[in-house]
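# Descriptive analysis of the structure
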Amino acid sequence: MTHDRRTDDRDSDRKMIALADHQIQLPPGLTITDWNIEKVRWQNPRIRTFLGCIRLLGGVLESNYAILHCSPERLQDIWRKVRQVGEVIRTEMAPLLRSPSRFPALEEARQRAELSLDMLTDSVLTDLERFTAEVAGDQLIKVRKLLCVSIGKMHAFLQDAFGEIMANDPRSFHDADYFLSKRFPQDLEEAEWLHATVSRMLRYLESRKNARSRRLGTIAADIAREQTLPVGQTWEEATLFLHELVEVLTPKLKEVLALRGIRFYEMEILDRYAMQIPTQCQVLIELHATGRLAVEKMKTTHPETLGEREQNVRDLESCHASISARITTLMREIDTELQDLNAFVPIWLDGITKRRALLLKSTLGKKDEPAPAHGGR
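Keep in mind that this is a model prediction, so the values were computed, not measured.

To continue, consider the side chain of Gln-280. Looking at the secondary structure, you find Gln-280 in helix α11 (residues 264-300). Filtering out sequence-adjacent residues up to four positions away, Gln-280 remains in contact with Glu-333, Ile-334 and Glu-337.

Moving on, we get to the environment of Leu-30. Within the secondary structure, Leu-30 sits in the loop between β2 (22-25) and α2 (32-58). Between the C-alpha atoms of Leu-30 and Arg-102, which are 72 residues apart in sequence, the distance is 7.4 Å.

So, on to the packing of helix α5 (residues 104-128) against helix α6 (residues 140-167). Where α5 contacts α6, the two axes come as close as 9 Å, and the packing angle between them is 170°. Taken together, the axes of α5 and α6 are roughly antiparallel relative to one another. Residue-level inspection shows Leu-106, Ala-109, Arg-112, Ala-113, Ser-116, Leu-117, Leu-120, Ser-123, Val-124, Leu-125, Asp-127 and Leu-128 of α5 in contact with α6, the latter providing Leu-146, Ser-150, Lys-153, Met-154, Phe-157, Ala-161, Glu-164 and Ile-165. Tallied by class, residues from the contact of α5 with α6 come to 13 nonpolar, 3 polar and 4 charged.

Averaged over every residue, the pLDDT of the protein chain is 79; residues scoring 70 or more account for 81%. Looking over the protein chain, one finds the lowest element-wise mean pLDDT in helix α1 (residues 2-12), namely 40, and the highest in helix α4 (residues 72-98), namely 92. Taken as a whole, residues 1-14 scores under 50 in pLDDT and shows 5 contacts with residues more than four places along the chain or in a different chain. Taken as a whole, residues 357-377 scores under 50 in pLDDT and shows 44 contacts with residues more than four places along the chain or in a different chain.

Turning our attention to the packing of aromatic side chains. Scanning the entire structure with this criterion turns up 4 aromatic pairs. Consider the rings of Phe-50 and Phe-157, whose centres lie 6.2 Å apart with planes at 45°: the pair is tilted. With Phe-50 in helix α2 and Phe-157 in helix α6, this residue pair connects regions lying 107 residues apart in the sequence. Judged by relative accessible area, Phe-157 falls into the buried class, the value being 7%. When the ring of Phe-344 is compared with that of Trp-348, the centres are 5.5 Å apart and the planes differ by 20°; the resulting orientation is stacked. Of this pair, Phe-344 and Trp-348 both sit in helix α12 (residues 306-355), 4 residues apart, which is roughly one turn of that helix. Taken together, Phe-50, Phe-157 and Phe-162 form an aromatic cluster joined through their ring pairs.

The next point concerns the pattern of salt bridges. Per the stated rule, a full pass over the model turns up 15 salt bridges. The partner of Arg-74 in a salt bridge is Glu-62, with the nearest N and O atoms 2.4 Å apart. With Arg-74 in helix α4 and Glu-62 in the loop between α2 and α3 (64-69), the pair connects residues that are 12 residues apart, well separated along the chain. Two residues, Arg-208 and Glu-244, come together in a salt bridge whose shortest N-O distance is 2.8 Å. Linking Arg-208 in the loop between α8 (183-207) and α9 (209-226) with Glu-244 in helix α10 (residues 232-257), this pair joins segments that are 36 residues apart in sequence. For Arg-208, a relative accessible area of 23% corresponds to the partly exposed category. Given the relative accessible area of 18%, Glu-244 is considered buried. Residues joined in a network through salt bridges with shared partners are Glu-62, Arg-74, Asp-77, Arg-80 and Lys-81.

Right, let's talk about α6 for a bit. Given a rise of 1.5 Å per residue, 28 residues ought to cover 40 Å, and the 40 Å separating the end C-alpha atoms of α6 matches this to within 8%. The principal kink in α6, of about 30°, is found at Leu-147.

Formed by 47 residues in total, the largest nonpolar core has its most connected members in Leu-249, Leu-270, Met-331, Leu-341 and Trp-348. Looking at this core, the elements with two or more residues in it are α8, α9, α10, α11 and α12.

Rules and cut-offs
Residues numbered from 1 in each chain as written. Predicted model: local features only at pLDDT ≥ 70, side-chain atom pairs only at ≥ 80, totals over all residues. Heavy atoms only, no water. Helix = DSSP H or I, 4+ residues; strand = E, 2+ residues; numbered from the N terminus. Contact = heavy atoms within 4.5 Å. Axes fitted to C-alpha atoms, helices over the stretch in contact; angles between N-to-C directions. Parallel < 35°, antiparallel > 145°, perpendicular 65-115°, else oblique. Nonpolar A, V, L, I, M, F, W, Y, C, P; charged D, E, K, R; others polar. pLDDT = per-residue confidence, 0-100. Phe/Tyr/Trp six-rings, centres within 6.5 Å; stacked < 30°, edge-to-face > 60°. Buried < 20%, exposed > 50% of the residue type's maximum accessible area, 1.4 Å probe, protein only. Salt bridge = Lys/Arg side-chain N within 4 Å of Asp/Glu carboxyl O. Expected span 1.5 Å × (residues − 1). Bend = angle between axes of the 7 residues up to and from the residue. Core = buried A, V, L, I, M, F, W, Y, C linked by side-chain atoms within 4.5 Å.

This is the structure:
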């Protein structure tokens, strides 16, 4: 019983990574801080480097026949990109693959990738480096033949090693076949595009917070206090902001709605904002214009008796009060909608970040990475 209790206690001490709706158990002795350092310093840069090389090499995946018969200009372009991939593999990928992982499965994948890289270096990269960056005329045939052999081997290494490393990343819920399939780059591109588009929309909303408060909240309070239709610069500023919501914000909302990767309930929420906000803005603009016409019409009448003139004044005040009250209500409703949208988008963006194909934050950069240990990258 004592042994079982100690075992239970040790199991209860195992740390868990919270990832979206999943809980991932860390290996014994590995803390969340350890994993965060490994993730930011080594694993995420590995993945970005592999993806960069795969995308660059994908632009020159020609058939052997095409390589042997393409123009010298096309050959030079292929040669330049292949050498660039080789340089990145040597100078960036190789150091990243040398750092061990404390996750057993990921460490095994890393070791296999490092062994494959050593073989690629001996059989391909060393041969590529024997030629200069600019292919001389008398070297064209040799370079064409070398590329026919090298590109396939480099691509096979990148695909196989990347698939293994991604499949054994503790954040991954897919096997290697998924990362080697055509679906993966499509999912990745769609997820990254959705994330980037929503990020831009969030930056726009944050940049307009002060304008929203000043041109909706403050003006609505002034109208409610004075109970008269707004005129002059005050209303011009409000109108400009309302037109901006229709002509700038609404297209941004519709742009996001057209992208893939949005869940149904998110689409429902966003579609409501995309419909209600511009509709309310247009109604508000038309209501003000109609109110001004009514007021101007009443001002041009010339009652003959004192009683008629007094009634005209009362009608004018009533018109101002009733229409300004409706304008105040609409402005506050639009302001509330925008506040709700401002609160929703950051939460939504966080959800998109967590479920992206790679489940990696695009904001991870060198300035956010912990300082590497001495002698590391």
